[in-house]
Amino acid sequence: MTTFIELKRKFVLIWPHLDERARRMMAANEARQLGYGGVSRVSRACGLSRVTITKGMEELSNPPLETGALDAPGEGVPPF
């Protein structure tokens, strides 16, 4: 069983390198691996809310996003 200290150490090392979505997905993956009670344990270790982690778990069940630009055509910053 993964201890709180091990979870915390894992998140502290990688967190600064991830954006919001990647953090949510990583936390969700860790919670899923832990099984029952994983969402609460991961929430305490990484600081994300349980709702956010649960949302990430739902996203993990969906097909991955396409690579490349995330904006729809015509959205975002116009080119110069």
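Bear in mind the structure is a predicted one, so any value in this text is a computation, not a measurement. (Residues numbered from 1 in each chain as written. Predicted model: local features only at pLDDT ≥ 70, side-chain atom pairs only at ≥ 80, totals over all residues. Heavy atoms only, no water.)

J.: Please set out the side chain of Arg 24 residue by residue, giving values where relevant.
T.: Positionally, Arg 24 belongs in helix H2 (residues 20–34). Its relative accessible area of 8% is what places Arg 24 among the buried residues. (Helix = DSSP H or I, 4+ residues; strand = E, 2+ residues; numbered from the N terminus. Buried < 20%, exposed > 50% of the residue type's maximum accessible area, 1.4 Å probe, protein only.)

J.: Can you explain the packing of helix H1 (residues 4–14) against helix H3 (residues 38–46)? Please cite residues and give values.
T.: Packing of H1 against H3 brings their axes to within 8 Å, and their N-to-C directions diverge by 55 degrees. The orientation of H1 with respect to H3, classified from their angle, is oblique. When you trace H1 past H3, the crossing you get is right-handed. For the pair H1 and H3, contact is made by Phe 4, Leu 7, Lys 8 and Phe 11 and by Arg 41, Val 42, Arg 44, Ala 45 and Cys 46, respectively. The residue makeup of the contact of H1 with H3, split by class, is six nonpolar, no polar and three charged. (Axes fitted to C-alpha atoms, helices over the stretch in contact; angles between N-to-C directions. Parallel < 35°, antiparallel > 145°, perpendicular 65-115°, else oblique. Left-handed = near helix turned anticlockwise from the far one by under 90°. Contact = heavy atoms within 4.5 Å. Nonpolar A, V, L, I, M, F, W, Y, C, P; charged D, E, K, R; others polar.)

J.: Talk me through the environment of Ser 43; I want residue IDs and the actual numbers.
T.: Its location among the elements puts Ser 43 in helix H3. Distance in space between the C-alpha atoms of Ser 43 and Ala 31 is 8.6 Å, their sequence separation being twelve residues. Setting aside residues no more than four positions away along its own chain, Ser 43 makes contact with Leu 48, Ser 49, Arg 50 and Ile 53.

J.: Residue-level account of the nonpolar core, with values.
T.: Residues Leu 7, Phe 11, Trp 15, Met 26, Ala 27, Ala 31, Val 39, Val 42, Ala 45, Cys 46, Leu 48 and Ile 53 constitute the largest nonpolar core, which totals twelve residues. Every element with two or more residues in this core is listed here: H1, H2 and H3. Element by element, the count of residues in this core is highest for H3, at four residues. Sequence-distant contacts of Ala 27, defined by excluding residues within four places in its chain, comprise Phe 11, Trp 15, Val 42, Cys 46, Leu 48 and Ile 53. (Core = buried A, V, L, I, M, F, W, Y, C linked by side-chain atoms within 4.5 Å.)

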